Each structure stands twice: as structure tokens, then as C-alpha cells.
Amino acid sequence: MKWIRKVLKGFSLTAAMFVFQACYGTDEAVLPYCMKFHVMDEATGKPIRGIKVTDLVYGVTNYTTGEGMVTVWGDSTMIRYSFVDNDSVYIPKDTIVNPALHDTVEILLEKAL
């Protein structure tokens, strides 16, 4: 008799899990994206190299190249980025970007006084 009760409990739990999954579904797929940042000096418009670009959600850090460009990979949700230079010549800047709307983003950094 006890084993019948255990079998029925198992079926009940399985049925409840099936109904929950059928009603609410699984999470949406997160699509990968590739986005480029073009980091430039606000006064001169020249590209800045060596700027540390950090994804503040996942903690991934990249550096700009000689053309002031950096390519980042991630998911398709809105992500917050931080732009900081190692020598503290420029004022650090944070921004939120929606990769679904942009594939290249220009970032202008202002020199610190």
C-alpha cells in the first residue's frame, strides 16, 4: 500500500511540474551580439587607445586598440559599460547600451582638469 502512495505522489509531482512548464514556458533564448565601441577625445575627435571597457553586468574587460575601437560580445539584453583610462587623463564614463538598436557606438571622453 505504501508503494502505491509513493507512486501516486511521484505522478502528482510530475503532473504539477508539467503544468507549470506548459503554462509559463521556458526562458527566452538569449541571442549573441557583436557590438563595436569607437572611443574618441571629445575636444579633438581623435581616437583614444588603451581605454579599459568593462561590461559591468558580467565583469568582462576589453581595451581599445590604436583606432580607438573595441569589439564586445555578449547577449542581446541592455548592458551597462564603463570606460576608464589607466592614466586618469579622461573622466570615467558609464553608459547603458541596447545592442538590439546599435552595432557601433561612439563614446566621447572628456579630459579631466
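Being a predicted model, the structure only gives us computed values, none of them experimental.

Caption draft 1: Layout of the overall build of the protein. The secondary structure content of the protein amounts to one helix and seven strands. The N-to-C order of helical and strand elements in the protein reads α-β-β-β-β-β-β-β. Counting only residues that meet the buried cut, the protein has 25% of its 113 residues in that class. When the accessible surface of the protein is split by element, carbon and sulfur atoms take 60% of a total near 8400 Å².

Caption draft 2: Quick look at the pattern of salt bridges. Per the counting criterion, the structure on display carries one salt bridge. Residue D94 pairs with R80 through a salt bridge whose shortest N-O separation is 2.8 Å. Taken together, the residues span a long stretch of sequence, with D94 in strand β6 (residues 93-97) and R80 in strand β5 (residues 79-85) at a distance of 14 residues. Using a relative accessible area of 41% as the deciding quantity, one classes D94 as partly exposed.

Caption draft 3: Local environment of the environment of V105. Considering the arrangement of structural elements, one finds V105 in strand β7 (residues 104-109). In this structure V105 comes out as buried when scored by relative accessible area, which is 14%. Not counting chain neighbours up to four residues away, the residues in contact with V105 comprise M35, K36, F37, H38 and V97.

Caption draft 4: Structural detail: the nonpolar core. The biggest cluster of nonpolar side chains holds 17 residues, and the ones touching the most others in it are M35, F37, V39, Y81, F83, I107 and L109. Sorting the residues of this core by element identifies β1 (32-41), β2 (51-55), β4 (69-75), β5 and β7 as the ones contributing at least two each. Tallying contributions element by element places β1 first for this core, with four residues. When near neighbours in sequence (up to four residues on either side) are disregarded, L109 contacts V39, M40, D41, E42, I48, I51, F83, Y90, I91 and K93.

Caption draft 5: Structural detail: the packing of aromatic side chains. Per the counting criterion, the structure on display carries two aromatic pairs. Between F37 and Y81 the ring centres are 4.8 Å apart and the planes differ by 70 degrees, which places this aromatic pair in the edge-to-face class. Pair noted here: F37 is in strand β1 and Y81 is in strand β5, with a separation of 44 residues, a long-range link. On the basis of relative accessibility, which here comes to 0%, the residue F37 falls in the buried class. Take Y81: its relative accessible area is 1%, and that puts it in the buried class. Taken together, the ring pairs in this structure connect F37, Y81 and F83 into an aromatic cluster.

Caption draft 6: Local environment of a positive patch on the surface. The grouping of K2, R5, K6 and K9 at the surface amounts to a positive patch. Here K6 is to be found in helix α1 (residues 2-24). Assessed through its relative accessible area of 63%, K6 is described here as exposed.

About the thresholds
- Going along each chain's sequence as written, the residues are numbered from 1 onward.
- Selection of residues for local features in this predicted model requires a pLDDT of at least 70, selection of side-chain atom pairs for listing and counting requires 80 or more, and totals for whole chains, interfaces and linings are taken over all residues.
- Each side-chain value is worked out from all heavy atoms of the structure, with water and hydrogens disregarded.
- Helix and strand definitions here come from DSSP, where helices need a minimum of 4 consecutive H or I residues and strands a minimum of 2 consecutive E residues; each element is numbered from the N-terminal end.
- Three labels apply to residues, based on accessible area from a 1.4 Å probe with only protein chains included: buried if under 20% of the type maximum, exposed if over 50%, partly exposed otherwise in between.
- Where accessible areas are quoted, they stem from the Shrake-Rupley method and a 1.4 Å probe; at the residue level, only the protein chains shown are allowed to cover.
- Salt bridge criterion: a side-chain nitrogen from Lys or Arg within 4 Å of a carboxyl oxygen from Asp or Glu.
- Throughout, a residue-residue contact means that at least one pair of heavy atoms, one from each residue, lies within 4.5 Å.
- We define a nonpolar core as any set of buried Ala, Val, Leu, Ile, Met, Phe, Trp, Tyr and Cys residues linked to one another through side-chain atoms lying within 4.5 Å.
- Pairs were defined over the aromatic rings of Phe, Tyr and Trp, the Trp ring being its six-membered one, requiring ring centres within 6.5 Å. Orientation was assigned from the angle between planes: stacked under 30 degrees, edge-to-face over 60, tilted for the rest.
- Residues enter a patch when their relative accessible area is above 30% and they make no salt bridge; the linking distance is 9 Å between like charges and 5 Å between nonpolar side chains (Val, Leu, Ile, Met, Phe, Trp, Tyr).
- His is not counted, nor are the chain ends, whereas Lys and Arg count as positive and Asp and Glu as negative.
- In plain terms, the charge of a residue is placed at NZ if it is Lys, CZ if Arg, CG if Asp and CD if Glu.

Interpretation in functional terms is not warranted from these geometric data alone.
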